[in-house]
Amino acid sequence: ETMESFAGRGVRGIFHAFSDGVESYERLKGCGEFLFGIGGVVTFKKSKLVPVVEQMALTDILLETDCPYLTPAPHRGERNESSYVKYICAKIAEIKGVDYQRVANQTTANAKRIFNL
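Read on for an overview of the structure. (Residues numbered from 1 in each chain as written. Predicted model: local features only at pLDDT ≥ 70, side-chain atom pairs only at ≥ 80, totals over all residues. Heavy atoms only, no water.)

Looking only at helices and strands, the protein chain features four helices and three strands. Beginning at the N terminus, the succession of helices and strands in the protein chain can be written as β-α-β-α-β-α-α. Taken over the C-alpha atoms alone, the protein chain extends approximately 40 × 30 × 30 Å along its principal axes. Within the protein chain, the proportion of its 117 residues that are buried is 37%. Accessible surface computed for the protein chain: about 6,800 Å², of which carbon and sulfur atoms make up 51%. Considering the protein chain, the positive charge centre built from 15 side chains and the negative charge centre built from 14 side chains are found 3 Å apart. (Helix = DSSP H or I, 4+ residues; strand = E, 2+ residues; numbered from the N terminus. Buried < 20%, exposed > 50% of the residue type's maximum accessible area, 1.4 Å probe, protein only. Areas by Shrake-Rupley, 256 points an atom, 1.4 Å probe, with all protein chains shown as cover. Lys, Arg positive; Asp, Glu negative; His and termini not counted. Charge placed at Lys NZ, Arg CZ, Asp CG, Glu CD.)

Rendered as structure tokens:
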């Protein structure tokens, strides 16, 4: 509800470690120029984030780690590190039924856009 009060006011940013449902994603998406950070949780065997990512536009996703936490499978239980973002990318490609490189290219473009790089 708080974010909806900013709709149409040019607000932008990233929802770090997004883990809510499709309804929240849709509501937040309408509030400004936002990306949704998807991290290691999406790779967990019983992740409730998989059906959400299925519904998300690839142009709305930012790959992220939460180093040293939320380490993706197959390294779950270890200290997270930036190089593990490849597992998140691969899982999103699998979920979306697209090529790994497509996810990598689009999420890189998303990061460049949100950070004005």
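Picking up where we left off.
A word on the nonpolar core. Note that soluble globular proteins tend to have their nonpolar side chains buried in a common cluster. In terms of nonpolar packing, the biggest core is built from 23 residues, with Phe18, Phe36, Ile38, Val53, Met56, Ile61 and Ile92 touching the most fellow members. Sorting the residues of this core by element identifies helix H1 (22-29), strand S2 (33-38), helix H2 (50-55), strand S3 (61-63), helix H3 (85-96) and helix H4 (100-114) as the ones contributing at least two each. The biggest single contributor to this core is H3, with five residues. (Core = buried A, V, L, I, M, F, W, Y, C linked by side-chain atoms within 4.5 Å.)

Direction of pairing for strand S1 (residues 12-15) relative to S2: parallel, over a ladder of four bridges. Residue glycine 13 lies in a different strand from S2, and its bridge partner there is phenylalanine 34. (Pairing = 2+ DSSP bridges.)

For the rest of this paragraph, the subject is the pairing of S2. Taking burial as the measure, the six residues of S2 include five buried ones, the bulk of the element. For the crossover that starts at S1, traverses H1 and ends in the parallel S2, the hand is right-handed. Considered for its hand, the β-α-β crossover made up of S2, H2 and S3 is right-handed. (Right-handed = clockwise from strand over helix to strand, strands pointing away.)

Enumeration according to the criterion identifies five salt bridges in this entry. Here arginine 27 ties to glutamate 4 by a salt bridge, and the two come within 2.8 Å at their closest N and O atoms. On the criterion of sequence distance, the pair formed by arginine 27 in helix H1 and glutamate 4 in the segment before S1 is long-range, its members being 23 residues apart. The exposure class assigned to glutamate 4 is partly exposed, which follows from its relative accessible area of 35%. Among the ionic pairs, arginine 12 bridges to glutamate 33, the shortest N-O distance being 3.2 Å. You can see arginine 12 sitting in strand S1 and its partner glutamate 33 sitting in strand S2, a full 21 residues away along the chain. The class for glutamate 33 is partly exposed, based on a relative accessible area of 33%. Ionic contacts of the salt-bridge type, sharing partners, join the residues Arg12, Glu33 and Arg113 into one network. (Salt bridge = Lys/Arg side-chain N within 4 Å of Asp/Glu carboxyl O.)

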